[in-house]
Amino acid sequence: MITLTSDFGSPYPAAMKGVIRRHTDAELIDVAHDLPRGDPRAAAFWLRFVLPEFPPAVHCAVIDPGVGTDRDAIVVRAGSHAIVAPDNGLAMPPARALAAEESDIEAWSIAVDDPASETFHGRDVFAPTAARVREAVDERAAGEESIATDPEAVADALDAMDDLSPASDPFDLVFPEPSVERDGDGDAAAIDGEVLAIDRFGNVITNVPGELVRGRDWVRVDGDLTPVAETFGAVDPGERLVTVGSHGYAECDVNDGRGDGAFDLRPGDSVRFVADNVSL
Amino acid sequence: MITLTSDFGSPYPAAMKGVIRRHTDAELIDVAHDLPRGDPRAAAFWLRFVLPEFPPAVHCAVIDPGVGTDRDAIVVRAGSHAIVAPDNGLAMPPARALAAEESDIEAWSIAVDDPASETFHGRDVFAPTAARVREAVDERAAGEESIATDPEAVADALDAMDDLSPASDPFDLVFPEPSVERDGDGDAAAIDGEVLAIDRFGNVITNVPGELVRGRDWVRVDGDLTPVAETFGAVDPGERLVTVGSHGYAECDVNDGRGDGAFDLRPGDSVRFVADNVSL
Amino acid sequence: MITLTSDFGSPYPAAMKGVIRRHTDAELIDVAHDLPRGDPRAAAFWLRFVLPEFPPAVHCAVIDPGVGTDRDAIVVRAGSHAIVAPDNGLAMPPARALAAEESDIEAWSIAVDDPASETFHGRDVFAPTAARVREAVDERAAGEESIATDPEAVADALDAMDDLSPASDPFDLVFPEPSVERDGDGDAAAIDGEVLAIDRFGNVITNVPGELVRGRDWVRVDGDLTPVAETFGAVDPGERLVTVGSHGYAECDVNDGRGDGAFDLRPGDSVRFVADNVSL
């Protein structure tokens, strides 16, 4: 299996699929091709959320604002998964989610021929590399399915590929941790967080762990008193709320509306949650 | 085969696919993931249109405004098809379209563990259930393809699943019938209909059967004289028309424009067609 | 393999897939379903870009502003590929890209039963024809993979289909060539081109070959001095630039913005590039 992720929209990913089909019949599954343009951080957030659901696979992820510069192209192994991506850090957060421990992550650089300016790296570099990684692992596992899911075997297959060489220091990307002020009882009194991503519905996903807001009735978001609820339906249509999304983080949302507009928050913005035990 | 339908956009459905791949290699086909948000009625309309084209399959359809409430999750068998969905009625109109007769439809409740608030039901309930239904049917049919398309065998496979129990009274959703006033000749003189859905192009799909408008030259839509035509090209760009869509219903459209804006109609709105035999 | 291309959005293409699955298990790959509505020229542009990446396949491409008129439905063979499409010219530019030479292209008309007005030609004509072409080629190749990629064998399979008859003069669609004025040194001094397509990002793709602008520092676009660059990052966010896309043509773009708005250009518009060797 090869999963495909990009910010290309359509029909560019189809060109990648055509190229892959010249190498291998491996199943192709789209993760998303409408991710925020040129934003490796958003891609890392979503891939960290989605990829751990998959059985061992090759993941081709091309969000590449550095295309045309001298940024490397890499393959990152995490457990028995392999992520083929530009070396801009997007592969590392999902790799940490896929690997049992940090030591089970390693990276290779992809040797890329001097690119002409009309090179489409998705089609000309990342897709064929993903296909060849898939082939290399499948050949090593020929006839014995379990080998394709053995981290050692995947590592050996990657080591044996001619155009891969160990990458000692791939670019990393670490999501910020919120800063938490606690009250005398040890409860969170104020949390300075950051917006990690906005989803299709305008829900504002922060880096604040859900357990810091769950169970409260109200919280101040950048000063404004906002109800905390488990479901959108707990507030009237058009009203703001704080909830905990399926990724486990606090979200700033609007029932039947867009949280990004209502809270005026964008990816990377700071957001301050202050405890408020108002009962109305 | 498992089809997937939701209002999740991307990349959430990819998480569902990953989970399914941990259970079964069954083919995955997307019906749509951009259906109107939280609107089981629109989903029912589209599924009734699309699912009957498929050979027997498992259909996972998650449009779920009641997530977080105590709504059930169900499996509905219709002939040799199975629909896995929240119990909000969306499964019933397509089930009636898939089954030869009403008596060939039956439903089961899915036992769901007490969900934590960060549960993503698409990923954690509906996708794994669809995968296990697919597995159960395929195992029963092992080596004999015809069994997977035999309604009795599908029913037996569902009956044998541990976490399914018969649902005596699943929520239903019935599309309204238009009310028709006829003239002395028995022809439709006035029709009070309702908007069932708006498609991507802004075409306003009503519940008025196409044969009630087809063959006329003009009809009044909420009072405004509007040409009836078989093709958009029969009127100038930007002009309004009434036509009959591939689903067989009268539509209020604009050539090279959006009917929903021009006619000011939204899903659920009433719309009145009055015969007008003007010849110009 | 069958690829699918349309301007239908969703969920209409799923109905086509259901129909195909009643005929054949061939793999289905989406090229795009969000192509500009009713624009065979844009579809031809994108298919010419994407289809040559694929190994021999059947391509079902339905962008069909003439639906409901007496336009033919055709199958065009190009090498060992087959394109199933309305006869409006959209198949010919990709066919020329797929065939080694013009003489390796031939066309058949599809016999279509008198269509009722609620016919959905994508579902009722093109999808089943694509499925049956796939079946016909696969049957001819039974057990011998190489035959499915042999142009002669594909031609024979199509010739043997009951509802296909040779089409002597399919509609063609030829992309305009730019007109180039050269200076005393033979360099391009002024180029009158045309906009071929706008992509998802608002990048304006012209018919001007990249080599006519590449290597310059500046060019006047409809009179306005504009930098020429290999990457978007060479100019500030919000600034205009001319670059060469992965299709090899000059594009009018905006870094982190939309070129179509900034240059006020739409598909089919004329655009004039004038050499300007300003150094700043």
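The name given to chain A in an unreviewed UniProt entry is S-adenosyl-l-methionine hydroxide adenosyltransferase, with the source organism recorded as Halorubrum cibi. Comment text from UniProt for chain A, heading Sequence similarities (unreviewed entry), reads "Belongs to the SAM hydrolase / SAM-dependent halogenase family."

Colleague: Sorry, what's going on with the overall build of chain A here?
Modeller: In terms of regular secondary structure, chain A is built from six helices and 15 strands. For chain A, the spread of C-alpha atoms along the three principal axes comes to 65 × 40 × 35 Å. The buried share of chain A, reckoned over its 280 residues, is 59%. Considering only intrachain contacts with a sequence separation of at least 6, the fraction spanning at least 24 residues in chain A is 65%. Taken as two groups, the 22 positive and 54 negative side-chain charges of chain A have centres that lie 4 Å from each other.

Colleague: Is there a simple way to explain the domain arrangement of chain A in this structure?
Modeller: All names here are of chain A. Splitting chain A by domain gives domain 1 (2-166) and domain 2 (179-275). Between domain 1 and domain 2, roughly 670 Å² of surface is buried when both sides are summed, and carbon and sulfur atoms account for 63% of that area. A per-residue breakdown of the area domain 1 buries against domain 2 is headed by Arg41, Phe45 and Trp46, which together make up 66% of the total. Joining domain 1 to domain 2, the criterion identifies one salt bridge. The salt bridge involving Arg41 is made with Glu194; its shortest N-O contact spans 2.4 Å. One can count two residue pairs in polar contact (both at pLDDT 80 or more) joining domain 1 with domain 2. Split into classes, the residues belonging to the side of domain 1 that touches domain 2 amount to three nonpolar, no polar and two charged.

Colleague: Would you mind going over the side chain of Asp163 of chain C with me for this structure?
Modeller: All names here are of chain C. You can see Asp163 is positioned in the loop between helix H5 (151-159) and strand S7 (164-166). In terms of polar contacts, Asp163 uses its side chain to reach the side chain of Arg132, at 2.5 Å. The contacts of Asp163, once residues within four sequence positions are left out, are Ser109, Ile110, Ala111 and Arg132.

Colleague: I keep staring at the packing of aromatic side chains and nothing clicks. Help me out?
Modeller: The geometry of two aromatic rings is summed up by the distance between their centres and the angle between their planes. Tallying each qualifying case throughout the model produces 27 aromatic pairs over all chains. Aromatic side chains Phe8 of chain A and Phe120 of chain A sit 5.2 Å apart centroid to centroid with 75° between the ring planes, which places their arrangement in the edge-to-face category. One end of the pair, Phe8 of chain A, is in the loop between strand S1 (2-6) and helix H1 (12-21); the other, Phe120 of chain A, is in the loop between strand S6 (105-110) and helix H4 (121-140), and 112 residues separate them in sequence. Taken individually, Phe8 of chain A and Phe120 of chain A each receive the classification buried, so the pair is uniform in this respect. An aromatic cluster is defined as three or more aromatic residues linked by ring pairs; in this entry it consists of Phe8, Tyr12 and Phe120 of chain A together with Phe45, Trp46, Phe49, Phe175 and Tyr249 of chain C.

Colleague: What is the right way to read the interface of chain C and chain B from this model?
Modeller: Often, the extent of an interface is quoted as the loss of accessible area on bringing the components together. Across the boundary between the two partners, chain C contributes 25 residues, which contact 28 residues of chain B. Around 2200 Å² of area is buried between chain C and chain B when both sides are counted, 55% of it from carbon and sulfur atoms. For the interface between chain C and chain B, the tally reads two salt bridges. When the shortest N-O distance is used, the salt bridge between Arg21 of chain C and Glu27 of chain B registers 2.5 Å. Run the count over chain C and chain B and you get nine residue pairs in polar contact (both at pLDDT 80 or more).

Colleague: Which parts of the structure should I look at to understand the relation of the copies chain C and chain B?
Modeller: To go from the first copy of the chain to the second, apply a rotation about an axis and then a shift along the same axis. With an RMSD of 0.0 Å, the operation that places chain C on chain B is a rotation of 120° combined with a shift of 0.0 Å along the axis. Interpreted geometrically, this transformation is the action of a three-fold axis. Identified as the residue of chain C closest to the rotation axis by C-alpha distance is Glu27 of chain C, at 5.5 Å. The overlap is low: 4% of the interface residues of chain C also sit at the interface in chain B, so different surfaces are used on the two sides.

Colleague: I would appreciate a short explanation of a negative patch on the surface in the present structure.
Modeller: The grouping of Asp150, Glu152, Asp156 and Asp159 of chain A at the surface amounts to a negative patch. Tracing the sequence through the fold places Asp159 of chain A in helix H5 (residues 151-159).

Colleague: Even after reading the chapter, I still don't get the packing of helix H4 (residues 121-140) of chain B against helix H5 (residues 151-159) of chain B, so can you show me in this structure?
Modeller: When two helices pack together, their arrangement is given by the angle between their axes and by how far apart the axes lie. Residue and element names in this part refer to chain B. The N-to-C vectors of H4 and H5 enclose an angle of 125°; their axes lie 9 Å apart at closest approach. Of the possible angle classes, the one that applies to H4 and H5 is oblique. Taken as a pair, H4 and H5 cross one another with a handedness that is right-handed. In contact with Val133, Ala136, Val137 and Arg140 of H4, H5 contributes Ala153, Val154, Asp156, Ala157 and Leu158. Partitioning the contact of H4 with H5 into residue classes produces seven nonpolar, no polar and two charged.

Colleague: What should I look at first to understand the sheet that holds S6 of chain A in this one?
Modeller: Whenever strands of a sheet pair, they do so through backbone hydrogen bonds, lying parallel or antiparallel. Residue and element names in this part refer to chain A. The seven strands are arranged S2-S1-S3-S5-S4-S6-S7 in an open sheet whose pairing can be described as mixed. Edge strands, defined here as strands with exactly one partner in the open sheet, are strand S2 (28-32) and strand S7 (164-166). Strand-to-strand twist in this sheet, taken as the mean axis angle between neighbours without regard to direction, amounts to 25°. Two elements, strand S4 (residues 73-78) and S6, share five bridges in a ladder whose sense is antiparallel. Opposite Val75, over in S6, you have Trp108 as the bridge partner. This element, H4, spans S1, strand S3 (58-62), S4, strand S5 (81-86) and S6 of the sheet and lies at about 170° to S3. Here H5 sits on the sheet and contacts S4, S6 and S7; the angle it forms with S4, its principal contact strand, is near 160°.

Colleague: Explanation requested: the environment of Pro227 of chain B in the structure shown.
Modeller: With respect to the secondary-structure elements, Pro227 of chain B resides in strand S12 (residues 224-227). Note: C-alpha distance between Pro227 of chain B and Pro128 of chain B (99 residues apart in sequence) is 49 Å.

Colleague: Would you mind showing me how to read H5 of chain C here?
Modeller: Because an α-helix completes one turn every 3.6 residues, residues spaced three or four positions apart along the sequence face the same direction. Residues of H5 of chain C that are buried include every one of Ala153, Val154, Ala155, Ala157 and Leu158 of chain C, and no others. Elements that come into contact with the buried residues of H5 of chain C comprise strand S4 (73-78), strand S6 (105-110), helix H4 (121-140) and S7 of chain C.

Colleague: In this structure, what is going on with H5 of chain A? I would like to understand it.
Modeller: For H5 of chain A, the secondary structure elements touched by its buried residues are S4, S6, H4 and S7 of chain A. Two to three positions downstream of the cap, the backbone nitrogen of Glu152 of chain A sits 3.0 Å from a side-chain oxygen, assigning the N-cap of H5 of chain A to Asp150 of chain A.

Colleague: What exactly am I supposed to notice about the relation of the copies chain A and chain B here?
Modeller: For the pair chain A and chain B, the best superposition has an RMSD of 0.0 Å and corresponds to a rotation of 120° with a translation of 0.0 Å parallel to the axis. Of all interface residues in chain A, a mere 4% are interface residues in chain B too; the two copies therefore contact each other through different surfaces.

Colleague: What is the right way to look at the interface of chain A and chain B in this model?
Modeller: Contact residues are listed per partner, giving 28 residues for chain A and 25 residues for chain B. Each partner contributes to the roughly 2100 Å² buried at the junction of chain A and chain B, and carbon and sulfur atoms together form 55% of this total. Area buried by chain A at its contact with chain B is led by Glu53, Arg200 and Phe201 of chain A, which between them contribute 28% of it. Linking chain A to chain B there are two salt bridges. Two residues, Arg123 of chain B and Glu53 of chain A, come together in a salt bridge whose shortest N-O distance is 3.5 Å. At the boundary of chain A with chain B, the tally comes to nine residue pairs in polar contact (both at pLDDT 80 or more). Broken down by secondary-structure element, the contributors of at least two residues to the side of chain A that touches chain B are S2 and helix H2 (40-50) of chain A. For the side of chain A that touches chain B, the element with the most residues is S2 of chain A, which contributes four residues. Taken together, the residues of the side of chain A that touches chain B break down into 14 nonpolar, six polar and eight charged.

Colleague: When you look at the environment of Gly143 of chain C in this model, what are you seeing that I'm missing?
Modeller: Residues and elements named next belong to chain C. Summarising the element assignment, Gly143 is placed in the loop between H4 and H5. Assessed through its relative accessible area of 88%, Gly143 is described here as exposed. C-alpha separation for the pair Gly143 and Arg96, spaced 47 residues apart in sequence, amounts to 30 Å.

So, how was this worked out
Residues numbered from 1 in each chain as written. Chains lettered and ligands numbered in written order. Predicted model: local features only at pLDDT ≥ 70, side-chain atom pairs only at ≥ 80, totals over all residues. Heavy atoms only, no water. UniProt positions renumbered as here; feature names shortened; annotations may be inferred. Helix = DSSP H or I, 4+ residues; strand = E, 2+ residues; numbered from the N terminus. Buried < 20%, exposed > 50% of the residue type's maximum accessible area, 1.4 Å probe, protein only. Contact = heavy atoms within 4.5 Å. Lys, Arg positive; Asp, Glu negative; His and termini not counted. Charge placed at Lys NZ, Arg CZ, Asp CG, Glu CD. Domains from an automatic or database assignment. Buried area = accessible area lost by both parts, 1.4 Å probe. Salt bridge = Lys/Arg side-chain N within 4 Å of Asp/Glu carboxyl O. Polar contact = N/O pair within 3.5 Å; in protein donor to acceptor, adjacent residues only side chain to side chain. Nonpolar A, V, L, I, M, F, W, Y, C, P; charged D, E, K, R; others polar. Phe/Tyr/Trp six-rings, centres within 6.5 Å; stacked < 30°, edge-to-face > 60°. Least-squares fit on C-alpha atoms with pLDDT ≥ 70 in both. Patch = residues over 30% accessible without salt bridge, like charges linked within 9 Å, V, L, I, M, F, W, Y side chains within 5 Å. Areas by Shrake-Rupley, 256 points an atom, 1.4 Å probe, with all protein chains shown as cover. Axes fitted to C-alpha atoms, helices over the stretch in contact; angles between N-to-C directions. Parallel < 35°, antiparallel > 145°, perpendicular 65-115°, else oblique. Left-handed = near helix turned anticlockwise from the far one by under 90°. Pairing = 2+ DSSP bridges.

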